[in-house]
Amino acid sequence: MGAKLHTKLLEYLPNLSDGILLEIGSDRGEGSTPFFAGLVYGTTRELYAVDPSDYVEQNVKYLVEQIPNVHFFKSTGEDFLKEFDKKIAYAYLDNYDWNAAEDELTATWEEWISDMINEYTQRGEKHSNEKCKQVHLEQAKLIAKLAADKCIIQFDDTYGNLDEHLLGKGATAVPWLLDNGWKTGHVSDHGGAWILANYDV
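Residues numbered from 1 in each chain as written. Predicted model: local features only at pLDDT ≥ 70, side-chain atom pairs only at ≥ 80, totals over all residues. Heavy atoms only, no water.

### Quick look at the packing of aromatic side chains
Working definition: an aromatic ring pair is given by the centre-to-centre distance plus the angle between the planes.
1) Next: This structure, assessed with the given rule, holds eight aromatic pairs.
2) Next: Aromatic side chains Y48 and F80 sit 6.2 Å apart centroid to centroid with 40° between the ring planes, which places their arrangement in the tilted category. Residue Y48 is located in strand 2 (residues 47–50), and its partner F80 is located in helix 4 (residues 77–82); the two are separated by 32 residues in the primary sequence. Both residues of the pair, Y48 and F80, count as buried.
3) Next: A connected cluster of aromatic rings, assembled from ring pairs, spans F35, F36, Y90 and Y92. (Phe/Tyr/Trp six-rings, centres within 6.5 Å; stacked < 30°, edge-to-face > 60°. Helix = DSSP H or I, 4+ residues; strand = E, 2+ residues; numbered from the N terminus. Buried < 20%, exposed > 50% of the residue type's maximum accessible area, 1.4 Å probe, protein only.)

This is the structure in structure tokens:
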């Protein structure tokens, strides 16, 4: 996410309840995991970073080794959350990629898109945008159950508006959260951030 919108957490962090920071879909060079790790360094708050990729596991290993309250789990977000029981103060959902070129001929895809889809194939998965929306909705429902009194959920790569057409990772999760009492805190089409809170922001 080139826009670095994970740094929006700085605006909300002082008002959040006690609870862990959760990152589902960890660092692939954008700096999100080191940023979150820096926020919990020297505090009692914990960071849980979750990603099924071997590459990401190696990429964030140094943070886990150096900062005792930073934890990494090689897993999908939904599988991790089914076994998790700590209160969540902030969740950053930047996992299971959205393929904006899904309906175009694969021969026209940019190389990075082909590489992205190949990563899922190598894990034995068939990638689809429907699955992308489904897993983010499942994760949102699980996070809502574990949410601290003042909690933020941030979706990456979520575009459009509720009145017309919502696209991307949070396309079904955002409406579900709004229907269940969450409130929009911030929307940015540049970078595709959609931030929701379970309290008045």
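On we go.
### Overview of helix 3 (residues 54–66)
1) Next: Between its first and last C-alpha, helix 3 extends 19 Å over 13 residues, near the 18 Å set by a 1.5 Å rise per residue.
2) Next: Most pronounced at V60, the bend in helix 3 amounts to some 45°.
3) Next: Here helix 3 has its buried residues at V56, V60 and L63.
4) Next: Considering only its buried residues, helix 3 is in contact with helix 2 (32–40) and strand 3 (70–73).
5) Next: Its side-chain oxygen at 3.1 Å from the backbone nitrogen of Y55, S53 defines the N-terminal cap of helix 3. (Expected span 1.5 Å × (residues − 1). Bend = angle between axes of the 7 residues up to and from the residue. Contact = heavy atoms within 4.5 Å. Polar contact = N/O pair within 3.5 Å; in protein donor to acceptor, adjacent residues only side chain to side chain.)

### Some words on the sheet that holds strand 8 (residues 183–188)
1) Next: An order of 3-2-1-4-5-9-8 is seen for the seven strands of this open sheet, with the pairing classed as mixed. Only two strands of the sheet have a single partner each, and these edge strands are strand 3 and strand 8. Averaged over all pairs of adjacent strands, the angle between their axes in this sheet comes to 15°, without regard to strand direction.
2) Next: With four bridges connecting them, strand 1 (residues 20–24) and strand 2 associate as parallel partners. Looking across to strand 2, one finds that I24 is bridged to V50. (Pairing = 2+ DSSP bridges. Axes fitted to C-alpha atoms, helices over the stretch in contact; angles between N-to-C directions.)

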